[in-house]
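# Geometric and topological summary
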Amino acid sequence: MKTFRNLVCLTLIAVISGVGVADEKQKKGKGKRGARTPSVTQRLVAKIELSDEQKEQVAAIDKQFAARAKELAGKRRDILTADQRKAQVAAQKAAKEAGQKGAEARKAVDAALNLTEAQKAQQKELNKAQQALNAEVVVALKKVLTAEQQAQLPKQRGNAKGKAGARKKAGADGQPKKKKTAE
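The notes below deal with the structure included here. Bear in mind that the values here come from a model prediction, so they are computed numbers and not experimental data.

## Let's talk about the environment of Gln130
Relative to the helices and strands, Gln130 resides in helix α7 (residues 117-144). By relative accessible area, Gln130 is classed as partly exposed at 24%. C-alpha of Gln130 to C-alpha of Arg68: the two residues are 62 residues apart in sequence and 9.2 Å apart in space. Filtering out sequence-adjacent residues up to four positions away, Gln130 remains in contact with Leu72 and Arg76.

## Brief notes about the side chain of Thr41
Tracing the backbone through its elements, the reader meets Thr41 in the loop between α2 (32-36) and α3 (42-45). Its relative accessible area of 1% is what places Thr41 among the buried residues. Of note is the side chain of Thr41, whose polar atom sits 2.8 Å from the side chain of Asp62. Setting aside residues up to four positions removed in sequence, Thr41 forms contacts with Val58, Ile61, Asp62, Val137 and Leu141.

## Topic: the nonpolar core
Judged by nonpolar contacts, the single largest core of 19 residues is most densely connected at Leu44, Val45, Ile61, Phe65, Val137, Leu141 and Leu153. Only α3, α4 (52-79) and α7 provide two or more residues apiece to this core. Ranked by residues supplied to this core, first place goes to α7 with seven residues. When near neighbours in sequence (up to four residues on either side) are disregarded, Phe65 contacts Val40, Leu133, Glu136, Val137 and Ala140. Formed by five residues, the second largest nonpolar core is a distinct cluster that contains Leu80, Ala91, Val109 and Leu113.

Reading guide: rules and limits
- Numbers given to residues run from 1 along each chain, matching the order in which its sequence is written.
- It should be noted that, the model being predicted, local features are given only for residues of pLDDT at least 70 and side-chain atom pairs only at 80 or more, the latter also being counted only at that level, while totals for whole chains, interfaces and linings use all residues.
- To obtain the side-chain values, all non-hydrogen atoms of the structure were used and water was disregarded.
- Only DSSP runs of H or I reaching four residues or more are called helices, and only runs of E reaching two or more are called strands; each is numbered from the N terminus.
- Categorising residues by exposure relies on relative accessible area from a 1.4 Å probe, with only protein chains included: less than 20% of the type maximum marks a residue as buried, more than 50% marks it as exposed, and the intermediate range marks it as partly exposed.
- Contacts are assigned to residue pairs that have any heavy atoms within 4.5 Å of one another.
- In protein, a polar contact means a hydrogen-donor-capable atom and an acceptor-capable atom, both N or O and within 3.5 Å, with residues adjacent in sequence counting only if both atoms are side-chain atoms; elsewhere, any N or O pair within 3.5 Å suffices.
- Grouping buried Ala, Val, Leu, Ile, Met, Phe, Trp, Tyr and Cys residues that are joined through side-chain atoms within 4.5 Å yields what is termed a nonpolar core.

Read these as geometric descriptors, not functional statements.
Below is the structure:
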């Protein structure tokens, strides 16, 4: 009889705690966008092993830049009409099913959007703002990460240093300079 009572008690505890966990997950996932919107630093440090202290510092960086990132995402979303947003979702789904990735998938989505020149100009401005934000996040992360961890950060596209370095190496005609050989 004691065993049966203990079993019933344990079962009730498991059911009650399961409901509490489900409620908490539901609260965290409120709003479609909040549940799938990654943090500002997530894609940058996803493959880097961080200490507990570094995780706290990265979370602080997330909080620091979250409002600006959310604002940019909202502006990006507001550029598109309701029909364009539907077309975007459909094109992303089709590209994923077709196995397209990266630039190929972006081209397919962009073609489906049929953006006006004004929308293209707005997107270009938002892309510049996003790159500036990303650069600030990387600078903040570098203060937290070790040299080995910094080496694991994804390389930034459109990096001004890289372009300047390429210009210095190129000759007046825009072609790379040839190395002189000792004869």
